[in-house]
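Take a look at the letters that make up each chain.
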Amino acid sequence: MQAKQTVFDTLNGEDINQYSLTNTNGVTLSCLSYGANWYELKVPTTNGDQNLILNFPKINDYVTTNPYLNMSIGRTAGRIGAGKFKIGEHEYKAPTNESGNTLHGGIHGFNEINWAGKIAANQIIFTHTVTSQADGFPGDLDVTITYTLTDDNRIYLDYKVVSHGETVFNPTNHAYFNLNHADQNIKNLELFLRSSQRLELGDAKIPTGKTLANTETPYDFQTTKALGAAIDGLQDIPEKGLDDVFLIDQHADNEPIAILANPDENLRVKIFSQRNAIVCFTANGFGADQPYIDKTGQPYVGVALESQITPNAIFDPAYGDLTLHDGETKHYQTHYLVEF
Ligand code: GAL
């Protein structure tokens, strides 16, 4: 394993560090301290080194044009209606940052933190204490986010926390994949999702508490199909593409919940997680203002696949438990296998 640490850029007078690991097969994983960001996933292909995730040249692009691009997301992925939730009998209201609701951890989420980082063997390790004072959620959290690269081309993302006080926690990573060597959108890529149901979303994409069947709809990826086929079938809805919470069907630990593939280039990313949902977002409204390094900003320039607990667990325990109590620890893991 080769390792490197450099200064990527500066923001508000602070260094933004870049940490890189390269395994024995020439796969490079690199991260930025800002947002504990997944900056790069480079694989050696017949076309040369190819980065499978979108990225920007400057830190300011992450702040101004796309604050969630490849970011670590927390404390809670997705939307909390009016920012309101209950833990036991206690009602809380987190600060809101989107149409009166709380999205992706609210006003000062994990994506805005310049994390303390270090490399240890085959890991990039980020730590930070997220305080109630900083983000307006109850309780303080000691958070460790670890990216591990193995020599069998797996990337493990581990989220470990210790809670001080009661709070909610449902982290994810917002990496946008594009497995095309050419400068083109992701409509040609094929997707498998182990999901027969998705959440019904109401006004401002807040879960209603109901589920909808995916079978034989544009949302059906139980048999692998091109993303373009789904996107073309969704042109009459406001999103004009996918931005949905898919419930994961029962499966064995070693079975992927999602597979994204470019069959023409023999590239595949398999995603493994024990949590019960994955958000699939096809960057529907993205435009030319977004200065990606190898791709032109446009609708469907990338696809984000965000494993998490269903966001409606915030009000319905039947969908999972996001709560943490004083002194409680929690560990979530998502891992990715790259085949090339
Ligand atoms: C997704 C969300 C989208 C959008 C995106 C961030 O998780 O479902 O609606 O907010 O994050 O650009």
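Numbering of residues starts from 1 in every chain and runs along the sequence as written. Where totals are concerned, whole chains, interfaces and linings use all residues; where local detail is concerned, this predicted model gives features only for residues with pLDDT of at least 70, and gives and counts side-chain atom pairs only at 80 or more. As a rule here, side-chain values cover all heavy atoms of the structure and leave hydrogens and water aside.

Draft legend 1. Structural detail: the sheet that holds strand S4 (residues 37-45). Any two strands with at least two DSSP-identified bridges between them are counted as paired. Elements are defined by DSSP. Helices are runs of H or I of four residues or more, strands are runs of E of two residues or more, and each kind is numbered from the N terminus. The strand order across the open sheet built from five strands is S1-S2-S3-S4-S5, with neighbouring strands paired in antiparallel fashion. Looking at which strands have only one partner, the edges of the open sheet turn out to be strand S1 (2-11) and strand S5 (48-51). Across this sheet, the average inter-strand angle for adjacent strands is 20°, counted without regard to direction. Looking at chain direction, S4 and S5 are connected through four bridges and run antiparallel. Bridged to Val43 within S5 is Gln50. Axes here refer to lines fitted to C-alpha atoms; in helices the fit is confined to the stretch in contact. Angles between the N-to-C directions go from 0 to 180 degrees.

Draft legend 2. Structural detail: the confidence of the model for the protein. Here the protein averages 98 in pLDDT, and 100% of its residues register 70 or above. Note on scores: pLDDT gives the predictor's confidence for each residue, bounded by 0 and 100. Taking the mean pLDDT of every element in the protein, the minimum, 96, falls on S5 and the maximum, 99, on strand S23 (residues 258-262).

Draft legend 3. View of the site of the ligand. Throughout, the term near means that a residue has one or more heavy atoms lying within 4 Å of the molecule or strand in question. Around the ligand sit Tyr68, Arg79, Leu103, His104, His174, Tyr176, Asp243, Phe281 and Glu306, and that is every residue in its neighbourhood. Side-chain atoms alone can form a polar contact between residues adjacent in sequence; in general such a contact is a pair of N or O atoms within 3.5 Å, and within protein one must be able to donate a hydrogen while the other accepts it. In this structure, His104 approaches the ligand through a side-chain N or O atom, which is 2.9 Å from an oxygen atom. A distance of 2.8 Å separates an oxygen atom of the ligand from a polar atom in the side chain of His174. A 1.4 Å probe and the Shrake-Rupley method give the accessible areas. Residues count as covered only by the protein chains that appear here. Protein chains shield 85% of the accessible area of the ligand, which is 310 Å² for the free molecule. Both site types are read off a 1 Å grid over the protein atoms alone. A 1.4 Å probe that fits but cannot get out defines a cavity, while an open set with protein on both sides within 12 Å along at least five of seven lines defines a pocket; lining residues have an atom within 4 Å of a point. Pocket occupancy is defined atom-wise: a molecule lies in a cavity or pocket when more than half of its atoms are within 2 Å of its grid points. Because more than half of its atoms lie within 2 Å of the grid, the ligand is assigned to the largest pocket.

Draft legend 4. Quick peek at the layout of surface pockets. Grid points are joined across faces, edges and corners, and a volume is the space filled by probe spheres set on the points. Of the volumes computed, that of the largest pocket is approximately 390 Å³. Taken together, 22 residues make up the lining of the largest pocket; nearest its centre are Arg79, Leu103, His104, His174 and Asp243. Within the residue set of the lining of the largest pocket, elements represented by two or more residues are strand S22 (243-247), strand S25 (277-281) and strand S26 (303-308). Per-element tally for the lining of the largest pocket: the top contributor is S22, with three residues. Residues are sorted three ways: Asp, Glu, Lys and Arg are charged, Ala, Val, Leu, Ile, Met, Phe, Trp, Tyr, Cys and Pro are nonpolar, and all the rest, Gly among them, are polar. By residue class, the composition of the lining of the largest pocket is 10 nonpolar, six polar and six charged. When its volume is computed, the second largest pocket comes out at roughly 240 Å³. Along the wall of the second largest pocket there are 16 residues; nearest its centre are Gln50, Asn51, Ile293, Asp294 and Lys295. Of all elements in the fold, only S4 and S5 reach the threshold of two or more residues within the lining of the second largest pocket. Grouping the constituent residues of the lining of the second largest pocket by class yields five nonpolar, six polar and five charged.

Draft legend 5. Geometry of the nonpolar core. Among buried residues, those of type Ala, Val, Leu, Ile, Met, Phe, Trp, Tyr and Cys that are joined through side-chain atoms within 4.5 Å constitute a nonpolar core. Using a 1.4 Å probe on the protein chains alone, a residue whose accessible area is under 20% of its type maximum counts as buried, one over 50% counts as exposed, and one in between counts as partly exposed. Formed by 75 residues in total, the largest nonpolar core has its most connected members in Trp38, Phe177 and Leu227. Sorting elements by how many residues they give to this core places strand S13 (residues 140-149) first, with five residues. Whether two residues touch is decided by their heavy atoms; if any such pair falls within 4.5 Å, the residues are in contact. When sequence neighbours within four positions are dropped, the list of residues in contact with Leu227 reads Ile186, Lys187, Leu189, Leu191, Phe221, Leu242, Leu260, Thr282 and Val303. Leu11, Ile59, Tyr62 and Leu69 belong to the second largest nonpolar core, which has 23 residues in total.

Draft legend 6. View of the side chain of Ser30. You can see Ser30 is positioned in strand S3 (residues 28-32). Taking relative accessible area as the criterion, Ser30 reaches 0% and is therefore assigned buried.

Draft legend 7. Structural detail: the pattern of salt bridges. Salt bridges are defined by distance alone: a side-chain nitrogen of Lys or Arg within 4 Å of a carboxyl oxygen of Asp or Glu. Within this structure, the stated rule accounts for eight salt bridges. When the shortest N-O distance is used, the salt bridge between Glu98 and Arg79 registers 2.7 Å. Of this pair, Glu98 sits in the loop between strand S9 (90-93) and strand S10 (102-103) while Arg79 sits in strand S7 (residues 79-80), and the two are 19 residues apart along the sequence. The shortest N-O distance in the salt bridge between Glu339 and Arg268 comes to 2.9 Å. In this pair, Glu339 is assigned in strand S28 (residues 329-339) and Arg268 in strand S24 (residues 267-273), connecting sequence segments 71 residues apart. Residue class for Glu339 comes out partly exposed when judged on its relative accessible area of 22%. Given a relative accessible area of 26%, Arg268 falls into the partly exposed group. Because the salt bridges share partners, they merge into one network encompassing Arg268, Lys270 and Glu339.

Draft legend 8. Expanded view of the packing of aromatic side chains. The pairing test for Phe, Tyr and Trp rings, Trp by its six-membered ring, is centres within 6.5 Å, and the orientation test on the planes gives stacked under 30 degrees, edge-to-face over 60, and tilted for anything in between. This model, assessed by the stated rule, comprises 19 aromatic pairs. For the pair Phe221 and Phe246, a centre-to-centre distance of 6.4 Å together with 70° between the ring planes defines the contact as edge-to-face. Placement of Phe221 in the loop between strand S20 (207-213) and strand S21 (225-226) and of Phe246 in strand S22 is noted, with a sequence separation of 25 residues between them. For Phe221, a relative accessible area of 0% translates into the label buried. Each residue in the set Tyr19, Trp38, Phe126, Tyr147, Phe177 and Tyr336 is aromatic and connected to the rest through ring pairs, giving one cluster. In this analysis the charged atom, NZ for Lys or CZ for Arg, is taken to sit over a ring once it is within 6 Å of the ring centre and within 35 degrees of the ring normal. Above the plane of the ring of Phe272 lies Arg154, whose end atom (NZ or CZ) is 5.8 Å from the centre. Between the NZ or CZ atom of Lys225 and the centre of the ring of Phe221, over which it lies, the distance is 4.7 Å.

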